[in-house]
Every structure is written in structure tokens, then in C-alpha cells.
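# Structure at a glance
The lines below spell out each chain.
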Amino acid sequence: MIRCVIIDDEKHAISILENYIQYVPQLQLIGTTTNPLEGLELVKSMQVDLIFLDIQMDEMSGIELTKLLPANVKVIFCTAFSEFAVETYNLEAIDYLLKPIPLPRFLKAAQRASNIFLNSSLKKLENIPNDYIFIKTDQKGKMIKLNFDELFFVEGMKNYVAFHQAKTKILCHLTLKEVEDGLPTTRFMRVHKSYIVSLKQIIAIENNQLILAGRVERIPISDTYKENFLERMKNNLLI
């Protein structure tokens, strides 16, 4: 999940971006402000990955603010003025959106940001052994080791999640989002609001459903996650 904020001195512009962000499941909006100085404090006080940033603001320009940001925070500029494009390119902005921003153009920028953060995450995981995790049970003080090679899929069940292995199903009091954040993205992917699958266990894709090795269940791919899933599969596609 990409944690983002909006910094723009026009409330109407913020409202538009807030609406657009709802269409992108990878984006989590954690704050907005019309004041760039308050925005800078927001970034420093919270774990922020991405800023949708206006350029021309009274207290401080978006370009000036960008130069004060931590190196790991990325920026997508949103402005009504095209003349700043070259300067923002030198600041390594992810994208430069001209107002009024059409939804398709925003979605393209959001996808570019998602790809950048995904590639960054994969690089961090390259040299880290990701073979197992321990998960807490409802029994106080007890944890169960979960080997990734033995995990087929994870199913969200209201206040619980079910870890489906070859012969067992482990129930834990967690959210699917917590599980998603704890599993390596190199090996697992969310494909539905209620399902995370092991990429290793997929043997076929049929009618927007995943068939897993040795399982009778078929895991649905929802429209929300379909584009990202297909993009992930593209490198392994032989036409």
C-alpha cells in the first residue's frame, strides 16, 4: 500500500484528487492540507510514500517544498502551469499532471507510481530469505510457524483469516490487509478483496479464476485487482 498525502492550496483540487484516489486500491490517502508548511510537518510526522503536490502556493512553492523532503518520499506534481515541467523533471518527480486533470491521466500516473514502489520493494527483498513467518493464535503465548512453500492461499473471513495449506487450515484473528503487508510480494499477491494467493501454486487461469495445484477451490480475480495481476503475469507469458 502506498501511503499518500495531498498538498494543494485549492480545496476544490483536493476534492478531485480525493475522489480519484478512491479508484486506485494501491493508494491509501492519509492526509490533506492547503498549507505547504503544514504539509511538510505532516510528511515528517507520518510514514508518507507519495505526495500529490501543487506548485504555486503562497507560503512555499511545491518545488521548494520538494527540496526539503526525505529522499524516500516521491512526488507527483499537479499544477495548472506547464512551464515548470523541466524543473520538476530535474527533481525526479514521478509525473507532472496538468489541471484540470482527467481521470485516465491520473490513473496512468498512479500506475507509474505503483510500478516504481513495487520495483523498489522487490529490490529490497532480493537478498532477504523469505521462507516462513510465525503467526499468533488465539491461544495466549502460542505461535505457529507458517512455511511459504506449504501455503496455497489466504482467505478473509470477517474478523478472521484462514491460511490454507495442503492438509490444514489455520484460523487467525487478523485482517487480510495485515497478512498482505506481512507476506513477501515476490511470492504472494492479492487478487480479490477476500483472497491472497501463492504465485507458485497457480497452475492455470480460466474465466477470471485461478486454479491452484491440488486444490478444488477456484480463486476469483476481481476487477479491482485484475489489471495488476495481469501486469505481474506478463513477464511469464508466452504468446
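Conventions and cut-offs
Residues numbered from 1 in each chain as written. Predicted model: local features only at pLDDT ≥ 70, side-chain atom pairs only at ≥ 80, totals over all residues. Heavy atoms only, no water. Helix = DSSP H or I, 4+ residues; strand = E, 2+ residues; numbered from the N terminus. Buried < 20%, exposed > 50% of the residue type's maximum accessible area, 1.4 Å probe, protein only. Contact = heavy atoms within 4.5 Å. Areas by Shrake-Rupley, 256 points an atom, 1.4 Å probe, with all protein chains shown as cover. Lys, Arg positive; Asp, Glu negative; His and termini not counted. Charge placed at Lys NZ, Arg CZ, Asp CG, Glu CD. Pairing = 2+ DSSP bridges. Core = buried A, V, L, I, M, F, W, Y, C linked by side-chain atoms within 4.5 Å. Axes fitted to C-alpha atoms, helices over the stretch in contact; angles between N-to-C directions. 1 Å grid on protein atoms, 1.4 Å probe; cavity = no way out; pocket = protein on both sides within 12 Å on 5 of 7 lines; lining within 4 Å. Points joined across faces, edges and corners; volume = space filled by probe spheres on them. Nonpolar A, V, L, I, M, F, W, Y, C, P; charged D, E, K, R; others polar. Patch = residues over 30% accessible without salt bridge, like charges linked within 9 Å, V, L, I, M, F, W, Y side chains within 5 Å. Salt bridge = Lys/Arg side-chain N within 4 Å of Asp/Glu carboxyl O.

Further remarks concern the overall build of the protein chain. Of the regular secondary structure elements, the protein chain holds 7 helices and 15 strands. Its C-alpha atoms put the protein chain at 60 × 50 × 35 Å along the principal axes. The buried share among the 239 residues of the protein chain stands at 43%. Of the contacts made within the protein chain by residues no fewer than 6 positions apart, 49% connect residues no fewer than 24 positions apart. Accessible surface computed for the protein chain: about 14100 Å², of which carbon and sulfur atoms make up 51%. Of note, the protein chain has its 28 positive side-chain charges centred 10 Å away from the centre of its 29 negative side-chain charges.

Before going further, it helps to spend a moment on the pairing of strand 13 (residues 202-206). A regular strand places its side chains on the two faces of the sheet in alternate fashion. Bridge count for strand 13 against strand 14 (residues 209-212) is 4 bridges, and the pairing is antiparallel. Looking across to strand 14, one finds that Ile-202 is bridged to Leu-212.

Attention now goes to the nonpolar core. With 21 residues, the main nonpolar core has Leu-27, Leu-50, Phe-52, Ile-76 and Phe-106 as its most contacted residues. Elements that contribute at least two residues to this core include exactly strand 1 (2-7), helix 1 (11-21), strand 3 (50-53), strand 4 (74-79) and helix 5 (103-125). Once residues within four sequence positions are removed from consideration, Leu-27 is found in contact with Met-1, Ile-2, Cys-4, Ile-21, Leu-50, Phe-52, Phe-106 and Ala-110.

Taken in spatial order, the 5 strands line up as 10-9-8-12-11 in an open sheet, and their pairing is antiparallel. Each end of this open sheet is capped by a strand with a single partner; those strands are strand 10 (169-172) and strand 11 (188-192). Across the sheet, the axes of successive neighbouring strands diverge by a mean angle of 20°, strand direction being ignored. Across 6 bridges, the pairing between strand 8 (residues 151-157) and strand 9 (residues 160-165) is antiparallel. Bridge assignment links Met-157 to a residue of strand 9, and that residue is Tyr-160.

This next bit is on the layout of surface pockets. In this structure, the second largest pocket occupies an estimated 210 Å³ of space. Lining of the second largest pocket is provided by 13 residues; of these, Tyr-23, Gln-26, Leu-107, Gln-111 and Glu-227 occupy positions nearest its centre. Those elements that place two or more of their residues in the lining of the second largest pocket are helix 5 and helix 7 (223-233). If you tally residues by element for the lining of the second largest pocket, the top one is helix 5, at 5 residues. The residue inventory of the lining of the second largest pocket, partitioned by class, reads 5 nonpolar, 5 polar and 3 charged.

Here the focus is the sheet that holds strand 2 (residues 27-33). Strands sit in the order 2-1-3-4-5 across an open sheet of 5 strands; the sheet is parallel. The sheet is open, and its two borders are formed by strand 2 and strand 5 (95-98), each paired with just one other strand. Across the sheet, the axes of successive neighbouring strands diverge by a mean angle of 20°, strand direction being ignored. Across the sheet, helix 1 is in contact with strand 1, strand 2, strand 3 and strand 4; its angle to strand 2 comes to roughly 165°.

Right, let's get into a negative patch on the surface. On the surface, a cluster of negative charge is contributed by Asp-9, Glu-38, Asp-58 and Glu-59. Structurally, the position occupied by Glu-38 is in helix 2 (residues 36-45).

On to the pattern of salt bridges, then. Counted under the stated rule, the structure contains 12 salt bridges. Note that Lys-177 is salt-bridged to Asp-181, the shortest N-O span being 2.4 Å. Residue Lys-177 and its partner Asp-181 are both found in helix 6 (residues 176-182); the two are separated by 4 residues, about one turn of the helix. For Lys-177, a relative accessible area of 26% translates into the label partly exposed. Judged by relative accessible area, which is 51%, Asp-181 ranks as exposed. A salt bridge links Arg-190 to Glu-180; its shortest N-O distance comes to 3.2 Å. In this pair, Arg-190 is assigned in strand 11 and Glu-180 in helix 6, connecting sequence segments 10 residues apart. In this structure, a network of salt bridges that share partners links the residues Asp-8, Glu-10, Asp-54 and Lys-99.

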